Amino acid sequence: MNKQQRYWYLDELLSQSLAATVSYDSLIRHLSNQQARNTVLVWSDITAFLAHAGVVSKILFPALADRRDRADEILEALGIDDLPNIRVRSGRDNIEHIDERIDNWAARDANALVSMVFEDRAGYEYICTPEKAVRRALIEPEMTYVSENRNGGRVETSLGAILAELEQVRNLAFNAMQRDPPYHFLLAQALANHAR
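Residues numbered from 1 in each chain as written. Predicted model: local features only at pLDDT ≥ 70, side-chain atom pairs only at ≥ 80, totals over all residues. Heavy atoms only, no water.

(A) Structural detail: the overall build of the protein. In terms of regular secondary structure, the protein is built from nine helices and four strands. Counting only residues that meet the buried cut, the protein has 38% of its 196 residues in that class. Within the protein, residue pairs in contact and separated by at least 24 positions form 59% of the contacts whose partners lie at least 6 positions apart. Carbon and sulfur atoms form 52% of the exposed surface of the protein, whose accessible area is close to 11,000 Å². Positive and negative side-chain charges in the protein, numbering 22 and 28 respectively, have mean positions lying 4 Å apart. (Helix = DSSP H or I, 4+ residues; strand = E, 2+ residues; numbered from the N terminus. Buried < 20%, exposed > 50% of the residue type's maximum accessible area, 1.4 Å probe, protein only. Contact = heavy atoms within 4.5 Å. Areas by Shrake-Rupley, 256 points an atom, 1.4 Å probe, with all protein chains shown as cover. Lys, Arg positive; Asp, Glu negative; His and termini not counted. Charge placed at Lys NZ, Arg CZ, Asp CG, Glu CD.)

(B) Region of the structure containing the packing of helix 2 (residues 40-60) against helix 8 (residues 159-179). Contact pair helix 2 / helix 8: the axes reach a minimum separation of 11 Å and the direction vectors enclose 50 degrees. Taken as axis vectors, helix 2 and helix 8 run oblique relative to one another. Crossing geometry of helix 2 relative to helix 8 is assigned as left-handed. The segment helix 2 lies against helix 8, with Ile-46, Phe-49, Leu-50, Ala-53, Val-56 and Leu-60 engaging Leu-159, Ile-162, Leu-163, Leu-166 and Val-169. (Axes fitted to C-alpha atoms, helices over the stretch in contact; angles between N-to-C directions. Parallel < 35°, antiparallel > 145°, perpendicular 65-115°, else oblique. Left-handed = near helix turned anticlockwise from the far one by under 90°.)

(C) Geometry of the pattern of salt bridges. Under the criterion given, the structure shown has ten salt bridges. Note that Glu-142 and Arg-121 form a salt bridge whose closest N and O atoms lie 2.7 Å from each other. With Glu-142 in the loop between strand 2 (133-139) and strand 3 (144-148) and Arg-121 in helix 7 (residues 121-127), the pair connects residues that are 21 residues apart, well separated along the chain. In this structure Glu-142 comes out as partly exposed when scored by relative accessible area, which is 34%. Each of Arg-92, Asp-93 and Glu-96 takes part in one network of salt bridges that share partners. (Salt bridge = Lys/Arg side-chain N within 4 Å of Asp/Glu carboxyl O.)

Next up, the structure:
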């Protein structure tokens, strides 16, 4: 790929990691608001955060073998080998395939479906016994998102660990873009001045 094309990927990594940070900050605000703690606002923030992290994951760790050369070049431009928390997409996959998860719960006739923010792991373990289905749970002090995979197994995703890696990607992408930019950017005001 040429440097313009590499820049496109770096710019997308920068945009997606920044958007994920915005979603995470919104999540923290909603968790601090007692009226919003156990509402769709929290789950929407987590969904958006994991979706943005998923785009970063797809760029850097594609599933298709013919895209791995591109990913290796981008990782080299960033100066990193691996981001283990971003690479694993199981938490996001469980959100994207919620219809299949609901099919599973209906098929096994789950007697309870948990969707809750927990103040500690002990509360989570008390409520989320093996016979209950976990639609979505957040163990707040750990910032651990819990969901179920296609086989009904529980999956724990560390949102804080993903955030730390996204911040690393954001900073490295910005620095890589600044080292050798292939473009000269014009501000919108410059175009307005030109039109006069």
